[in-house]
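Residue-level structural notes
The primary structure of each chain is shown beneath.
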Amino acid sequence: MTAGNRCRRNVLALTVPIVAVVVVVFGFALDRWVIDSGIEIAPEPAALFPSAPIMDPARQSDLDGAHFDALFAQGIAGLRAGKPGQAAAAFEAARRLGPKVPALYVNLGFARLALGQVDAAVESFETSINLRPAQANAYFGLAEAREQQGDMEAALGAMRTFVHLASEDDRFRRRALSAIWEWEAALGRRPSNGTDAAQTETNEYAQAKGSDLLTAELGRLDGGSGTLAHFRGKTLVLNVWATWCAPCRVELPSLQRLSEKLNPEQYAVVGLSTDEDPDFVREFLREVGVAYPNYLDPGRDVAFGILKIESYPQTLLIRPDGSIAQRIVGARAWDEPEMVANIESVR
Amino acid sequence: MSHSLICKLASLRVTLTCIGVAVAVALFGSDGDTWPVGAMIALPFGALCVNLLAALTTNVTLRASAGLLGFHLALATLALLAAADRLTGLAGHVEVTEGVGFDPSLVEGDIGPFHPWKLDSVRFVQGGFEIDYDPGMKRRDTVSKVYLPGDGQASRSLDVGDDMPLVIGGYRFYTSFNKGFAPLVTFTDGAGAAHTGAIHLPSYPLNYFKQGNDWTIPGTRKAVKVWLHLPDEVYDEEGAWRFRKPDNASLVVIAEGARRELRPGETISLSGGHLRYEELRSWMGYTIAYNTLVPWMLATVVIAILCLAWHVAGKFQATSWDGAVRARPSQTGTDANAERRCAYVR
Amino acid sequence: MFADGAWLPISLALYLAAALAAAITAARNGTFQMTIMLLAVALTTHSVAISLRWHRLDHGPYVDMFEVLSSNIWSLHLAVLIGCLAIPRIKASLATVLPVLQVLVVWLLFVPERDTLAPITYGTVWLPVHVTLGKIFLGCAVLAVGLSLVVLVRHSGLGAFGALPENRALDELAYRFILIAFIFETLMLVAGAIWAQDAWGRYWAWDPLETWAFVTWLSVAAYLHFRAMRRPAPALNAVFVLGIFVVAFSTFFGMPFVSTAPHKGAI
């Protein structure tokens, strides 16, 4: 060992304790005298203040978490074993504990579908979509159920939504695409000469069918459902919006004024909100003074599935025969004379 | 441990790989919360600590310079302190209703596995608060009144807000942008038992368009919806305004298929009991921070910087700046094999 | 007296003129008297513009993109001027560094100037400390970039820069600037953490700007280790310095630009 080495070792042996000691002492000094700690209060050992309970609805569903998980797993096992009756019972029981779990309703839907309870299955899938509009497999189930009901339009819309939402490697994707192909052929949409499938699909999207729109089922603000069929024969200003969308909120008053300006015999302004809760949409519209009819499309079956709308607000001018005349993206001042004139030019 | 293994652990390749991994963790982790960066970064930094320990035994330059050595040791200490701080710390948030005590069971957030939970002894009651807004909805000062236990039955009040937190038992409570209205309602069931609750509506004015919430009546599965009807806007998009509780707001209760509008003090009958709208309150959202190791982390980092500055100053003194401008004898290649000459100094 | 808005275009024109003068001087192998004079005048008028705006809005230039960019143009040119006056033999690197800085000047022409309001948590001494330390860091990095560019220009055979010392000496100087930059970047991170802990109760939260500043710090650390252990040739070092500058540049100007306000998440 050389003298140089010893010297280097001494540096190491000295630096380590020096750094350690200085950190501790300096840190303590900072803690004690330097760092401003806001308004510091000593904690209290005893309760001096009564605390009123705050009820948090989100917490209640956590209560029976473990039990819920067990029932859910039991249901899945039932489905896999080909025992839909058992599965449905397990899911029904789980639902009482966790009424807001979208995946639960999808599986319940498939169980009911397997049992032949088609209407009940539709209800389950729709509940799931209401809880979580991006629940892809719920659209798949909904499409199959709608097909069994014979409602090919609705089945097609739901299946397209599934294809849009599902990941590229979803194992049901291929089945979905072939179902779309088959159903389109059944509806006479697909040319029989075997044009490129993707091309045709794009075209279908681009020229969304007004007739699909007028017959599509929409939520009403009173909680029921209905269609736009009774507007046939009028030029329709269909505003697709959502409460959380700021530009949408800005243009609502001008749409209301527009609805008061137009001749109600020939024109109608209609809102289509993609919000989930009809009550809150109704209260909001009441607050901002909107009186023209509004409908709900929480699953975006119509807004995306039929109309291919991905950004809000978007307003469609629809001819009396139900075909789309214009697509206006973004917010406008709807009661300006030139906007009114433009709308009145649509026939 | 064998000599060659230590040399491998001490190698530049390990240092650069660890730094590369740290960069990757930081960049990909911060992109959409795919993983918690704070936890993942411990991997490359733990490895860097091992790399440093190994280099301490082999790298002559590192051992010879007290400044360089001190800098590295302080950085390693900082990494350990940061890890310890994360394991014992708390970064949470809570909403507290006006007139109601802070409830620790409502705190949510990141709670370190070794956090010494002392929130149960934290007591304060939220008072009212004032928030000024400049034109264009720009939030200015927040003054939030809190009441603290005083001597005997008395209590004392304090104003906190913005960068002036309320600190109790090491927990720092900062007011946040998150605050809103909370209607206070009482449900009295058939047996006469009363349940009072404050329903926190979404943050205001951020969610002014959705001042509604669901409320499950305690002890039942009955859900009602409430909506706060504000005849006049509380906020002013153009001008200056102050957050306040509106005088003329009413509570819309949607239950059992009916919509009813209540003024404070009014009661409606529901199947199984009565629902009374007591009054409108507000709620304040706080972020809570607990980091007791901060002073030591600061001390460590100050020492690190002093050591580095010392080391660099020594380097600069070895040749003058003018000397640096003049050509120095070529060094390229002379130490190119420095790493291969890994000297394990005993 | 002009309003602050009028002083700025004059200053920007002078910066551009200084860069042009530097390029011409380098081509003619002349002295850089004219460049340095233009730079000094530009800095003076720009100081007036910044001071007037500071006085009018009652907060320093660190709230929006316009202010961040403007104040960095000022501080980076000032760093270059000080560097060249302190070490006169590197004056000729003005011809490489000033054109780089004009990217910021031209960029500023496209950034809208609005009156800003400092968020409430900006009322602390740690903010100007944090910002100043950051500016020193970037100033040192820019000086290193000027020298590294000279090395690379020579390496690629595009110019000789006869007035400047040989590559090895430039490399050593660039290294020194990077060392100082590293110290000031560390200080900047610490001052920022102190401010954040004070104002929001979190000393580090991995917001995009913090993450990128940390990545910059790591990239400097990686370079210093590589250089100390392998002693690479000047041209390779120059590439590293440029790489560090690119990362630092995207941190300072890319991240606040993406999120429109510096440390957007925290406000």
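These figures come from a predicted structure and were not determined experimentally.

The accessible area lost on association of the parts is a frequent measure of interface size. Residue and element names in this part refer to chain B. Partitioning chain B into structural domains gives domain 1 (3-89 + 292-320) and domain 2 (91-290). Once you take the C-alpha centre of each, domain 1 and domain 2 turn out to be 45 Å apart. The interface is formed by five residues belonging to domain 1 together with eight residues belonging to domain 2. A class-by-class count of the residues in the side of domain 1 that touches domain 2 yields one nonpolar, three polar and one charged.

A few words on the packing of helix α1 (residues 4-28) of chain C against helix α4 (residues 94-109) of chain C. When two helices pack together, their arrangement is given by the angle between the helix axes and by the axis-to-axis distance. Residues and elements named next belong to chain C. α4 packs onto α1 with a crossing angle of 155° between their chain directions and a minimal axis gap of 9 Å. Classed by the angle they form, the pair α1 and α4 counts as roughly antiparallel. Here α1 and α4 pass one another in a crossing that is left-handed. For the pair α1 and α4, contact is made by Leu12, Tyr15, Leu16, Ala18, Ala19, Ala22, Ala23, Thr25 and Ala26 and by Leu94, Ala95, Leu98, Pro99, Gln102, Val105, Leu108 and Leu109, respectively. Residue composition of the contact of α1 with α4, grouped by class: 15 nonpolar, two polar and no charged.

For the pair helix α7 (residues 294-318) of chain B and helix α6 (residues 167-200) of chain C, the least separation of the axes is 11 Å and the interaxial angle reads 165°. Between α7(B) and α6(C), the interaxial angle falls into the category roughly antiparallel. The handedness of the crossing between α7(B) and α6(C) is left-handed. Here α7(B) contributes B:Val294, B:Val301, B:Ile305, B:Leu308, B:Ala309, B:Val312 and B:Phe316 to the contact with α6(C), which in turn contributes C:Arg176, C:Leu179, C:Ile183, C:Thr186, C:Leu187, C:Val190 and C:Gln197. Taken together, the residues of the contact of α7(B) with α6(C) break down into eleven nonpolar, two polar and one charged.

Residue and element names in this part refer to chain A. Strand order in the open sheet made by the seven strands is β3-β2-β6-β5-β4-β7-β8, with mixed pairing throughout. Each end of this open sheet is capped by a strand with a single partner; those strands are β3 (225-226) and β8 (324-329). Sheet topology note: the strand β7 (residues 314-318)/β8 ladder contains five bridges and is antiparallel. For isoleucine 318, the partnering residue across the bridge sits in β8 and is isoleucine 324. Contacts from helix α13 (residues 278-288) reach β2 (218-220), β5 (267-273) and β6 (294-296) within the one sheet, and its direction differs from that of β6 by about 155°.

Here is what the cut-offs are and how they apply
- Residues numbered from 1 in each chain as written.
- Chains lettered and ligands numbered in written order.
- Predicted model: local features only at pLDDT ≥ 70, side-chain atom pairs only at ≥ 80, totals over all residues.
- Domains from an automatic or database assignment.
- Contact = placed C-beta atoms within 7 Å.
- Nonpolar A, V, L, I, M, F, W, Y, C, P; charged D, E, K, R; others polar.
- Axes fitted to C-alpha atoms, helices over the stretch in contact; angles between N-to-C directions.
- Helix = DSSP H or I, 4+ residues; strand = E, 2+ residues; numbered from the N terminus.
- Parallel < 35°, antiparallel > 145°, perpendicular 65-115°, else oblique.
- Left-handed = near helix turned anticlockwise from the far one by under 90°.
- Pairing = 2+ DSSP bridges.

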